[in-house]
Amino acid sequence: MKFFIDTANLAQIKEAEDLGVLDGVTTNPSLMAKEGITGQDNILKHYVDICKIVSGDVSAEVISTDFKGIVEEGEMLASLHPQIVIKVPMIKDGVKALKYFSNKGLKTNCTLVFSPGQALLAAKAGATYVSPFLGRLDDINQDGILLIEQIVKIYRNYDFKTQVLAASIRSPLHIVRCAEAGADVATCPLSAILDLLKHPLTDSGLAKFLSDAKKFTTVNS
Ligand code: G3P
């Protein structure tokens, strides 16, 4: 399973990259706004700055909602850097644009997916990635992991090439459950990736090894 980081924060992207486990980045307008990145020139420069930190795919989201606007904006985003993936919302004109981009060989990420039917449409339209938002389903008392399992099963039934990019991940358990379900990618906040490291028995075991090593060093010095 690939690990993407779900942020526009350059320091966090760099930290995940330095850990050696990062395969890409996803952003959205809310994440850009959270970093205070506003104005088209600054936003476009920020995407390029992200591409300079990582070597994998970087999703940049369109804000147009009509076919012509999505196509123009998507092509402009894709021209910024070869790593850019055009992120398109799951709406009617978005599906048409996914097909258009797919025919042109441009990579896409279909976002705001909350049902297996939506994921089926994204795959039929040739999306490179589909982004089911599992945390937001959990928030409304629906089973987000079940959605990941359903999409993985449907895609495997028909050998769709669209990769399942589990999004709206909130915890290390979400990441593990997505891996069990067979998601191709998990896009996560840095905190959830770092929380995978944690286990109290690792901490106590290491403390014991280090204190025993100190005794050994003392005896032999
Ligand atoms: O990748 C989608 C993500 O940014 C949404 O996450 O936590 O706002 O539901 P969240």
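For the structure given in this document, a descriptive report is provided here. (Residues numbered from 1 in each chain as written. Predicted model: local features only at pLDDT ≥ 70, side-chain atom pairs only at ≥ 80, totals over all residues. Heavy atoms only, no water.)

**Focus: the pairing of strand β6 (residues 129-132)**
Each regular strand shows side chains that alternate between the opposite faces of the sheet. Side-chain alternation along β6 places Tyr129 and Ser131 on one buried face and Val130 and Pro132 on a second face that is also buried. Of the pairings in the sheet, the one linking strand β5 (residues 108-113) to β6 comprises three bridges and is parallel in character. Note that in β6 the partner of Cys110 across the bridge is Val130. After leaving β5, the chain enters helix α6 (residues 116-124) and then returns to the sheet as β6, a path that is right-handed. Two elements, β6 and strand β7 (residues 163-166), share two bridges in a ladder whose sense is parallel. In the strand pairing of β7, Tyr129 is matched with Gln163. (Buried < 20%, exposed > 50% of the residue type's maximum accessible area, 1.4 Å probe, protein only. Helix = DSSP H or I, 4+ residues; strand = E, 2+ residues; numbered from the N terminus. Pairing = 2+ DSSP bridges. Right-handed = clockwise from strand over helix to strand, strands pointing away.)

**Digging into the environment of Ile63**
With respect to the helices, strands and loops of the structure, Ile63 is situated in the loop between β3 (57-61) and α4 (67-80). Along the sequence, Ile63 and Leu10 sit 53 residues apart, while their C-alpha atoms lie 22 Å from each other. Each residue touching Ile63, except ones within four places of it in the same chain, is listed here: Pro29 and Glu73. (Contact = heavy atoms within 4.5 Å.)

**Structural notes on the nonpolar core**
The biggest cluster of nonpolar side chains holds 57 residues, and the ones touching the most others in it are Val130, Ile148, Tyr155, Val164, Ile169 and Cys178. A per-element tally of this core places helix α8 (residues 144-158) first, with six residues. Those residues in contact with Val164 that sit more than four places away from it in its chain are Val130, Pro132, Ile148, Ile151, Val152, Tyr155, Ala183, Asp184 and Val185. (Core = buried A, V, L, I, M, F, W, Y, C linked by side-chain atoms within 4.5 Å.)

**Observations regarding the site of the ligand**
In the neighbourhood of the ligand, the contacting residues comprise Asp6, Asn28, Leu31, Phe133, Arg136, Ala167, Ser168, Arg170 and Thr187. Here an oxygen atom of the ligand and a side-chain polar atom of Arg136 are 2.7 Å apart. Residues of the shell around the ligand, tallied by class, amount to three nonpolar, three polar and three charged. (Near = heavy atom within 4 Å. Polar contact = N/O pair within 3.5 Å; in protein donor to acceptor, adjacent residues only side chain to side chain. Nonpolar A, V, L, I, M, F, W, Y, C, P; charged D, E, K, R; others polar.)

**What about the sheet that holds strand β8 (residues 185-188)?**
Around the barrel, which closes on itself, the eight strands sit in the order β1-β2-β3-β4-β5-β6-β7-β8 with parallel pairing between neighbours. Averaged over all neighbouring strand pairs, the angle between strand axes comes to 30°, with direction disregarded. Relative to strand β2 (residues 24-26), strand β1 (residues 2-6) runs parallel, the two being bridged by three bridges. The residue bridging Asp6 from the neighbouring strand is Thr26, located in β2. Lying on the sheet, α4 is in contact with β3 and β4 (84-89); it crosses β4 at an angle near 160°. (Axes fitted to C-alpha atoms, helices over the stretch in contact; angles between N-to-C directions.)

**Some remarks on the side chain of Thr162**
With respect to the helices and strands, the residue Thr162 is situated in the loop between α8 and β7. What makes Thr162 buried here is its relative accessible area of 5%. Among the polar contacts made by the side chain of Thr162, one reaches the main-chain carbonyl oxygen of Ala127 at a distance of 2.7 Å.

**A short note on the layout of surface pockets**
Take a probe with the size of a water molecule and roll it over the atoms, and the empty space left behind shows itself. The calculated volume of the largest pocket comes to roughly 370 Å³. Every residue lining the largest pocket is counted, 25 residues in all, and those nearest its centre are Asp6, Asn28, Leu31, Lys34 and Pro189. Among the elements that make up the lining of the largest pocket, the one with the highest residue count is helix α2 (residues 29-34) (three residues). Residue classes in the lining of the largest pocket are distributed as eight nonpolar, 11 polar and six charged. (1 Å grid on protein atoms, 1.4 Å probe; cavity = no way out; pocket = protein on both sides within 12 Å on 5 of 7 lines; lining within 4 Å. Points joined across faces, edges and corners; volume = space filled by probe spheres on them.)

**Description of the state of the cysteines**
Overall, the coordinates contain zero disulfides when judged by the stated rule. Counting only cysteine sulfurs, Cys178 is the nearest neighbor of Cys188, a cysteine outside any disulfide, at a range of 7.8 Å. (Disulfide = S-S within 2.5 Å.)

**Considerations on the environment of Cys110**
For Cys110, the location among the structural elements is in strand β5. A relative accessible area of 0% places Cys110 in the buried class. In this structure the C-alpha to C-alpha distance between Cys110 and Gly39, which are 71 residues apart in sequence, comes to 24 Å.

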